[in-house]
Amino acid sequence: ANADLVFAVPALPAPGVTVLGEGVRSYPGGKGANQAVAAARDGAPTAFAGCIGRDAFAEVATAALREAGVDLSR
């Protein structure tokens, strides 16, 4: 599971150009986590095993899994 950080910027940066964004949003993500959420939402018994850190993004990374009913006990 990952936490994706999304920055809204006014334009795509050109090579060597810095573009500043206003604010940041975090979303749960990651290929495996997204597939586990989709399977659980479709009614399949689903478990996801891995290692989650103890930082500020741990809850973001697991929120959608937990809400979808994915078993995180492993």
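Here, every reference points to the structure presented above.
Here we summarise the structure given alongside this text. (Residues numbered from 1 in each chain as written. Predicted model: local features only at pLDDT ≥ 70, side-chain atom pairs only at ≥ 80, totals over all residues. Heavy atoms only, no water.)

## Comments concerning helix H1 (residues 31-41)
Note that an α-helix has 3.6 residues per turn; residues three or four places apart therefore point the same way. Residues of H1 that are buried: Ala-33, Ala-36, Val-37 and Ala-40. End-on view of H1: buried residues confined to an arc of 100°, all on one side of the axis. Taken together, the buried residues of H1 touch strand S2 (24-29) and helix H2 (58-68). Trailing H1 by a residue or two, Gly-43 shows a phi angle of about 100°, which is positive. (Buried < 20%, exposed > 50% of the residue type's maximum accessible area, 1.4 Å probe, protein only. Helix = DSSP H or I, 4+ residues; strand = E, 2+ residues; numbered from the N terminus. Arc of directions from axis to C-beta. Contact = heavy atoms within 4.5 Å.)

## Describing the pattern of salt bridges
If you walk through the whole model with that rule in mind, you get two salt bridges. The partner of Glu-59 in a salt bridge is Arg-66, and the shortest N-O contact between them spans 3.3 Å. Exposure remark for Arg-66: the relative accessible area of 45% places this residue in the partly exposed category. The salt bridge involving Asp-71 is made with Arg-74; its shortest N-O contact spans 2.6 Å. By relative accessible area, which is 29% here, Asp-71 ends up partly exposed. (Salt bridge = Lys/Arg side-chain N within 4 Å of Asp/Glu carboxyl O.)

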